[in-house]
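Summary of the model geometry
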Amino acid sequence: MTARMLQGGYLAVMQATTPLEFRMEVVRFAEDLGFKTVSAMAVVDHPQSSSEFHSVDNAPQAFSETFNDSSVWRLDPVMQHCKRAAVPIIWDQGTYVSGGQGDMWEHQASFGYQTGVALALHLPNGRHFSLGVERDRPLPKQPRAITRIVAELQLFAVHAQDAAFRIFAQTQLPVGGPSLTPRELEALRWTMEGKTAWEVGTIMNITERTAVLHLQNSMHKLGCANKHQAVLKALRLGLLA
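To start, this report covers the structure provided alongside it. Just so you know, these numbers come straight off a predicted model, no measurement behind them. (Residues numbered from 1 in each chain as written. Predicted model: local features only at pLDDT ≥ 70, side-chain atom pairs only at ≥ 80, totals over all residues. Heavy atoms only, no water.)

Section: helix α8 (residues 143-167)
- With 25 residues, α8 extends 36 Å from end C-alpha to end C-alpha; this agrees with the ideal 36 Å at 1.5 Å per step.
- Most pronounced at A160, the bend in α8 amounts to some 25°. (Helix = DSSP H or I, 4+ residues; strand = E, 2+ residues; numbered from the N terminus. Expected span 1.5 Å × (residues − 1). Bend = angle between axes of the 7 residues up to and from the residue.)

As structure tokens, then:
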């Protein structure tokens, strides 16, 4: 894999406009990262009704029914980790054995699901986005290589979730969009340039705490979980043109 190929994947998935295009870009990114299979799921919780699930994957046809069985999800230790936590999980046979699901691993391993990395983003307004990549050979043993894989997956997830909710679940902002103040927009622009909150405060001649407040207000108005997602959404809405 190359950094340029992966960075291209970030932009390409944001430009996807149909479920087919979204799936294609997710699969392409996973392959560039060194993984044969991948799954992405957008979930929207509804207080008065059942949650809404939208997913794409490239599971082998013979394994697809099991892979998409929600009753299996309730037992899968990786799925349960992602449901509860925002920290990525690097899993292998030991993860399933320690979770009392050794037989589940044996079954999925026969289809190439031997090890992988999975994560979930738990977003405002009852939205959740999970992303997992798997393969049939061990992950690199070098810590730096593993760290890079996880970092690339996390960054891609931030881009992919925006496209997923736009394409699959129409849970976007009210008509007319959010109303960000000039200072909130300025803080986002400097964040887009890679500046820290302290640097943003220095540039804008305000305290770091005030810079953080501007960013937090932007995140709330845009319905985002962190400042990087807020920048991406503001760009897509044309607020940072």
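A word on the nonpolar core
- Counting 36 residues, the largest nonpolar core has F22, V26, F129, L131, L153 and F156 as the members making the most contacts within it.
- Of all elements in the fold, only α1 (3-14), α2 (19-33), β1 (37-44), β4 (115-123), β5 (127-135) and α8 reach the threshold of two or more residues within this core.
- Per-element accounting of this core gives the leading share, 11 residues, to α8.
- With residues near it in sequence (within four places) discarded, F129 still touches F22, A40, M41, A42, L119, A120, L121, A157, A160, Q161, A164 and F165.
- Grouped together as the second largest cluster of nonpolar side chains are 15 residues, L188, A230, A234 and L240 included. (Core = buried A, V, L, I, M, F, W, Y, C linked by side-chain atoms within 4.5 Å. Buried < 20%, exposed > 50% of the residue type's maximum accessible area, 1.4 Å probe, protein only. Contact = heavy atoms within 4.5 Å.)

Section: the packing of α8 against helix α12 (residues 227-236)
- The geometry of α8 relative to α12 is characterised by a closest axis approach of 10 Å and an angle of 45° between their N-to-C directions. In terms of axis orientation, α8 runs oblique to α12. As for how α8 packs across α12, the hand of that crossing is right-handed. Residues V158, H159, Q161, D162 and R166 of α8 form the contact with α12, whose participating residues are Q229, L232, K233 and R236.
- Taken together, the residues of the contact of α8 with α12 sort by class into 2 nonpolar, 3 polar and 4 charged. (Axes fitted to C-alpha atoms, helices over the stretch in contact; angles between N-to-C directions. Parallel < 35°, antiparallel > 145°, perpendicular 65-115°, else oblique. Left-handed = near helix turned anticlockwise from the far one by under 90°. Nonpolar A, V, L, I, M, F, W, Y, C, P; charged D, E, K, R; others polar.)

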